[in-house]
Each structure stands twice: as structure tokens, then as C-alpha cells.
Amino acid sequence: MKRLVTVFGAVALAASVGMYGAFSYSESVLRDDYVIRKQASDTIAIVSLDDGVEVNGNTTYYGNVFIDLLGNDPAYVVESASGASAGLADGRYGAVITFPANTSQCIASLDSANPVQLSISYAVNQQLDNQVYVRVISKISSFQNEINDNVSYLYVSSILGGLHDAQDYTGE
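Being a predicted model, the structure only gives us computed values, none of them experimental.

The secondary structure content of the protein amounts to five helices and six strands. Walking the protein from its N terminus toward its C terminus, one meets helices and strands in the order α-β-β-β-α-β-α-β-α-β-α. Looking at the protein as a whole, 27% of its 172 residues qualify as buried. If you take every contact in the protein between residues at least 6 apart in sequence, the share linking residues at least 24 apart comes to 74%.

Here it is, written out as C-alpha cells:
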């Protein structure tokens, strides 16, 4: 009987220590998640992997042209791919927008018979609370619209430039 009480006491003690450890670990994880959520920023990191394109002997980087549209808006930060990924994980950035390596080639293809669609990717921090999430998605949408407007302008300018060249050619 004494042995049974000792074994039962040891099991109860081990279970108590195990439960305390599990609860402490869970509390730590929840606290860390809360801190990350609380500190998650709505700043958006912009990553340009653009290789550029040769235009009249000069290399043009259309990805940088799009980034310049943002001006000095503190809501956006130009970042490296690794820095943006780390910032997304630790809550420094609410999202990351990435211009692919072929950005300039896609824009330059507007002058060709077969334009290539530009696929800009973005990732949103999953730790954002609802209000910050809505702000971040709104900023991404506004930036996408601004890019679309500027690409449309480039396309129309290219068409009008071609028509003007055709008029000049027929006038000779």
C-alpha cells in the first residue's frame, strides 16, 4: 500500500510538473504572438528584382520608375528580398510587394506585337489585426492602380508615338 501511494504521488507530481511546463509554454507562445500582433506594422516593403532593359543604349529599370511614383511616402520602404522576408516575419512590415526580374522586359514588350503581362507579387503579414490588415490591403490596391494607370499611359503613348511616326513617314 505504501508503495502504491509513493507511485501515485510520483505520477501526480510528474503530471503536475508536465502540466505546468505545458501551460507556461502555451502562455509564452500566446504572449509572443500577442506582442507580434501588437507590433505588426502597416509599412509595406518594396522589393525590386528588376534586371532592367536596354533602351537606346541606356539601361532602364521600370521597377524603379514605379517605386519613384511613391515619392517619399513613409508607408513604403525599399528593401532587399531577405530583409523584406525577415521584416514580414518579425512584424516590421505589413506586406511585401515584389517586382520580378522581368519587370522592364514586360514593360518594354508593350511596343512589340506580343506584349508580356507583368506579374507583381505581394505577401501580407498574417499577424496583422483586422484594422491594420484593411489599411495594408488598401495601400496595396492603391499602388496597383497607380501602376496600372502608368502602364496604360505608357501603352497609349507608345501607340500614339507609332501613329505619329507613321504620319511622318507617309508625309515624306
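Looking now at the confidence of the model for the protein. Scored by pLDDT, the protein comes out at a mean of 79, with 66% of its residues at no less than 70. Confidence, expressed as mean pLDDT per element, reaches its minimum in the protein at helix α1 (residues 2-39) with 60 and its maximum at strand β5 (residues 95-99) with 95.

Even without glycine at this site, N56 takes up a positive phi of about 50 degrees. Along the chain, the position of N56 falls in the loop between β2 (53-55) and β3 (58-60). Its relative accessible area of 77% is what places N56 among the exposed residues.

Another aspect to go through is the pattern of salt bridges. Evaluation of the coordinates by the stated rule reveals three salt bridges. Across the pair R135 and D42 runs a salt bridge whose closest N-O atoms are separated by 3.0 Å. Note that R135 is positioned in helix α5 (residues 130-171) and D42 in the loop between α1 and β1 (44-48), a separation of 93 residues in sequence. Note on R135: relative accessible area 41%, which makes it partly exposed. In this structure, the salt-bridge partner of K139 is D42, at a minimum N-O distance of 3.3 Å. Of this pair, K139 sits in helix α5 while D42 is found in the loop between α1 and β1, placing the two residues 97 residues apart along the sequence.

The four strands are arranged β4-β1-β5-β6 in an open sheet whose pairing can be described as mixed. This sheet does not close on itself; its edge strands, each paired only once, are β4 (76-78) and β6 (121-124). Averaged over all adjacent pairs, the angle separating strand axes in this sheet is 20 degrees, with direction ignored.

As a further point, take helix α3 (residues 81-90). Three or more residues of α3 are buried, namely G83, A84, G87 and L88. Buried residues of α3, seen end-on, are gathered within an arc of 135 degrees and therefore sit on one face of the element. Among the exposed residues of α3, those pointing more than 90 degrees away from its buried face are S82 and A89. In this fold, the buried residues of α3 make contact with β1, β5 and β6. Where α3 ends, the next residue or the one after it, G91, has phi of about 90 degrees, a positive value.

Quick notes on the rules
Residues numbered from 1 in each chain as written. Predicted model: local features only at pLDDT ≥ 70, side-chain atom pairs only at ≥ 80, totals over all residues. Heavy atoms only, no water. Helix = DSSP H or I, 4+ residues; strand = E, 2+ residues; numbered from the N terminus. Buried < 20%, exposed > 50% of the residue type's maximum accessible area, 1.4 Å probe, protein only. Contact = heavy atoms within 4.5 Å. pLDDT = per-residue confidence, 0-100. Salt bridge = Lys/Arg side-chain N within 4 Å of Asp/Glu carboxyl O. Pairing = 2+ DSSP bridges. Axes fitted to C-alpha atoms, helices over the stretch in contact; angles between N-to-C directions. Arc of directions from axis to C-beta.

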